[in-house]
Amino acid sequence: MEYPKDLSIIVPLFNEKESLPELLAWIRSVMDANKFSYELIFVDDGSTDGSWAEIQELAKGDGRIKGISFRRNYGKSAALYEGFAIAEGRVVVTMDADLQDSPEEIPEMYRMIVEDGWDIVSGWKQHRVDNTFTKNLPSKLYNATARKITGLKLHDMNCGLKAYKNEVVKNVEVYGEMHRYIPYLAKNAGFTKITEKPVHHQKRKYGKSKFGMERFVNGFLDLLSLWFLSTFGKKPMHFFGFSGLLMFFIGFVMTVWIIIAKLVHQAHHAAYRAVTDQPLFYLALLAVVIGVMLFLAGFLAELVSRNAPERNHYNIKEKLN
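Parameters and conventions
Residues numbered from 1 in each chain as written. Predicted model: local features only at pLDDT ≥ 70, side-chain atom pairs only at ≥ 80, totals over all residues. Heavy atoms only, no water. Helix = DSSP H or I, 4+ residues; strand = E, 2+ residues; numbered from the N terminus. Buried < 20%, exposed > 50% of the residue type's maximum accessible area, 1.4 Å probe, protein only. Contact = heavy atoms within 4.5 Å. Pairing = 2+ DSSP bridges. Right-handed = clockwise from strand over helix to strand, strands pointing away. Axes fitted to C-alpha atoms, helices over the stretch in contact; angles between N-to-C directions. Left-handed = near helix turned anticlockwise from the far one by under 90°. Nonpolar A, V, L, I, M, F, W, Y, C, P; charged D, E, K, R; others polar. Arc of directions from axis to C-beta. Salt bridge = Lys/Arg side-chain N within 4 Å of Asp/Glu carboxyl O. Polar contact = N/O pair within 3.5 Å; in protein donor to acceptor, adjacent residues only side chain to side chain. Phe/Tyr/Trp six-rings, centres within 6.5 Å; stacked < 30°, edge-to-face > 60°.

### Considerations on the overall build of the protein
Step number 1: Of the regular secondary structure elements, the protein holds ten helices and seven strands.
Step number 2: Expressed as a percentage of its 321 residues, the buried residues of the protein come to 42%.
Step number 3: For the protein, restricting intrachain contacts to residue pairs at least 6 apart in sequence, the fraction spanning at least 24 positions comes to 81%.

Here it is in structure tokens:
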């Protein structure tokens, strides 16, 4: 497939007015030095510091600069989604606007996509300049958990500097806070050639970080949601039905045990407690009720899944007529 440009560089931003002129000059310098044809897409995520006016000023007389402005802050995933929708480059690169990502990494990432055949090249901030305890330890735990759940051997899942084949970004839907997991979304869509590249990390020059400790908690919850949907999204009965049957079976076995124990005690004229006086009876009853509820939840979820409009949506690589 022919693409009108070599590169589409997408820069989502929120209140980064001060860094934009320097970032643009840096990107232009790298692109011109490597003779790339490119487009630069700024996505202003509801900034209140005049970032959009700055983008409009910078874009004057330069047809390579495109811009999208949200009426309010929707989040990075929404910004990337809109940027991906209009990207025309053979390779699509995402990077942050805070000058912590170096555009000088882009040529090598481009080469790895075009020449080495990777679907995604994810940046790895191997040597962080903000290597504080409050950021470093949670980040390591978060990335270790992400590697375990996703099966992707990426050291820095949250790095904003990534390069993708154009085909990848057109076949994944980024929503909520799922921008961290685009490689995992791509893997589930059939793009399995995913690697990483150590990238240079710089100190923030202007403003302050938009991320707090809550992003690690939210990121972990999003990861669990994504794993569950990708694993059981189109076959919910496999999860809920199995869990329900298992709980029902446990409750049934406990009930049978109580009844047999009572009959044995009666046969031997031994003292025994009434069934309803035994805690095990209520545990058995609870297990049966939970089992039935889980099974019904799976059944209803299966009905919803089978009637979903995308139930037969598949990513087709090629066709021969």
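### With respect to the pairing of strand β2 (residues 38-44)
Step number 1: Of all the seven residues making up β2, seven are buried; the element is thus mostly covered by neighbouring parts of the structure.
Step number 2: In this structure, strand β1 (residues 5-13) lies alongside β2, joined through seven bridges in parallel fashion. Bridged to Ile9 within β2 is Leu40.
Step number 3: Following the backbone out of β2, through helix α2 (residues 51-59) and into the adjacent parallel strand β3 (residues 65-69), one traces a crossover that is right-handed.

### Remarks on the sheet that holds β3
Step number 1: Pairing within the open sheet is mixed, and its seven strands lie in the order β3-β2-β1-β4-β6-β5-β7. A strand with exactly one partner marks an edge of an open sheet, and here the two such strands are β3 and β7 (194-198). Across the sheet, the mean angle separating the axes of adjacent strands is 20 degrees when strand polarity is ignored.
Step number 2: In terms of strand pairing, strand β4 (residues 89-94) meets strand β6 (residues 162-165) through four bridges, oriented antiparallel. Bridge pairing links Thr94 to Lys162 in β6.
Step number 3: Docked against the sheet, α2 engages β1, β2 and β3, running at close to 160 degrees with respect to β3.

### Examining the packing of helix α1 (residues 20-33) against α2
Step number 1: Two elements in contact, α1 and α2, have axes separated by 10 Å at closest approach and are oriented at 35 degrees. As for how α1 packs across α2, the hand of that crossing is right-handed. Touching Leu20, Pro21, Leu24 and Arg28 of α1 are Ser51, Glu54, Ile55 and Leu58, all from α2.
Step number 2: For the contact of α1 with α2, a count of residues per class yields five nonpolar, one polar and two charged.

### Side note on α2
Step number 1: Looking only at α2, the buried set comprises Ser51, Glu54, Ile55 and Leu58. For α2, the angular spread of the buried residues around the axis is 100 degrees, confining them to a single face.
Step number 2: Phi for Gly61, located one or two positions after α2, is positive at around 80 degrees.

### Describing the pattern of salt bridges
Step number 1: A complete count under the given rule lists 13 salt bridges for this structure.
Step number 2: For the salt bridge of Lys66 with Glu88, the shortest nitrogen-to-oxygen distance reads 3.9 Å. Remark: Glu88 occurs in the loop between α3 (76-86) and β4 and Lys66 occurs in strand β3; sequence separation between them is 22 residues.
Step number 3: What makes Glu88 partly exposed here is its relative accessible area of 32%.
Step number 4: Between Arg111 and Glu115 there is a salt bridge, with its nearest N and O atoms 3.7 Å apart.
Step number 5: We classify Arg111 as partly exposed; its relative accessible area is 27%.
Step number 6: Each of Lys5, Glu39, Lys66 and Glu88 takes part in salt bridges that share partners, so that together they form one network.

### Thoughts on the environment of Glu105
Step number 1: Mapped onto the fold, Glu105 is located in the loop between β4 and α4 (106-114).
Step number 2: Linking Glu105 and Lys162, residues 57 residues apart in sequence, is a C-alpha distance of 9.8 Å.
Step number 3: Here Glu105 is in contact with Leu161, Lys197, Pro198, Val199 and His200, once residues within four sequence places are set aside.

### Observations regarding the side chain of Ser19
Step number 1: Residue position: Ser19 is located in the loop between β1 and α1.
Step number 2: Exposure remark for Ser19: the relative accessible area of 1% places this residue in the buried category.
Step number 3: One polar contact links the side chain of Ser19 to the main-chain carbonyl oxygen of Glu16, over a distance of 3.0 Å.
Step number 4: At 2.6 Å, the side chain of Ser19 and the backbone oxygen of Ala97 are in polar contact.

### With respect to the pairing of β7
Step number 1: The buried fraction of β7 amounts to four of the five residues, a majority that puts the element mostly inside the structure.
Step number 2: Note that strand β5 (residues 120-124) and β7 share five bridges and pair parallel. Within β7, the position partnered with Trp124 by the bridge is Pro198.

### Points about the packing of aromatic side chains
Step number 1: For the structure on display, the rule yields five aromatic pairs.
Step number 2: An angle of 75 degrees between the planes, with centres 5.9 Å apart, marks the rings of Phe84 and Tyr164 as edge-to-face. Here Phe84 is found in helix α3, whereas its partner Tyr164 is found in strand β6, with 80 residues between them in sequence. When sorted by exposure, Phe84 lands in the same class as Tyr164, which is buried.
Step number 3: A centroid spacing of 5.1 Å and a plane angle of 75 degrees characterise the contact between Phe281 and Tyr282, whose relative ring orientation is edge-to-face.
Step number 4: In this structure Phe281 comes out as partly exposed when scored by relative accessible area, which is 23%.

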